[in-house]
Amino acid sequence: VQLQAFGGGLVQAGGSLRLSCTASRRSFSRDTVTWFRQAPGKEREFVAAMWRRTGTLFYTDSVKGRFTISRDNAKNTVYLQMNDLKPEDTAVYYCALGPSIIMSSIRNPRAYDYWGQGTLVTVSS
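In what follows, the accompanying structure is described. (Residues numbered from 1 in each chain as written. Predicted model: local features only at pLDDT ≥ 70, side-chain atom pairs only at ≥ 80, totals over all residues. Heavy atoms only, no water.)

1. Things to note about the state of the cysteines
Per the counting criterion, the structure on display carries one disulfide. Paired by a disulfide, Cys21 and Cys95 hold their sulfur atoms 2.1 Å apart. With the S-S bond torsion at 70°, the cross-link from Cys21 to Cys95 turns out right-handed. Remark: Cys95 occurs in strand β9 (residues 91-98) and Cys21 occurs in strand β3 (residues 17-24); sequence separation between them is 74 residues. Each of the two residues, Cys21 as well as Cys95, counts as buried. (Disulfide = S-S within 2.5 Å. Helix = DSSP H or I, 4+ residues; strand = E, 2+ residues; numbered from the N terminus. Buried < 20%, exposed > 50% of the residue type's maximum accessible area, 1.4 Å probe, protein only.)

2. Side note on the environment of Ser29
Here Ser29 is to be found in the loop between β3 and β4 (32-38). Counting along the chain gives 14 residues from Ser29 to Glu43, while the straight-line C-alpha distance between them is 29 Å. Among residues more than four places away in sequence, those in contact with Ser29 are Arg52, Arg71 and Asn73. (Contact = heavy atoms within 4.5 Å.)

3. Observations regarding the environment of Arg37
Note that Arg37 resides in strand β4. Spatially, the C-alpha atoms of Arg37 and Cys95 are 8.6 Å apart, while their sequence positions differ by 58 residues. The residues contacting Arg37, other than those within four sequence positions of it, are Glu43, Arg44, Glu45, Val47, Ser62, Val63, Phe67, Glu88, Asp89, Ala91, Val92 and Tyr93. A polar contact is formed between the side chain of Arg37 and the side chain of Asp89, at a distance of 2.9 Å. (Polar contact = N/O pair within 3.5 Å; in protein donor to acceptor, adjacent residues only side chain to side chain.)

4. Notes on the nonpolar core
The nonpolar side chains of a soluble globular protein tend to be buried with one another. If you look at the biggest cluster of nonpolar residues, it comprises 28 residues, and the most contacted ones within it are Trp35, Leu80, Met82 and Tyr93. Among the secondary structure elements, those contributing two or more residues to this core are β1 (2-6), β3, β4, β5 (45-50), β7 (67-72), β8 (77-82), β9 and β11 (119-124). With sequence-adjacent residues up to four places away left out, Leu80 is seen in contact with Leu17, Arg18, Leu19, Trp35, Val47, Ala48, Phe67, Thr68, Ile69 and Tyr93. Counting nine residues, the second-largest nonpolar core is a separate cluster that includes Ala49, Phe58, Ala96 and Ile101. (Core = buried A, V, L, I, M, F, W, Y, C linked by side-chain atoms within 4.5 Å.)

Below is the structure:
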């Protein structure tokens, strides 16, 4: 399985970006797909996830109300719509796939089997 994340870029504070994550040789429709991010000098942190069985959405507190994770099964793509971006959102964003992940581990990057290459989001003040 190969994941590809794209859509990052440079944006001013208050702006928006939409990240996309696609997978080769696998359908997303039954998987938990999650977005993480990693800022320079910091650990990789959970951003948002869509639970595979129910579609329940999870967000880290700092992005609630600003970011939205969604999925288009027909396009086999998971999106992260990011609005009202802030300089502290600057990071490399990764999508990750956890075919067998359990809900209690959804925020743990070590629980994921497959990772995209990351896409850089830079928010200027």
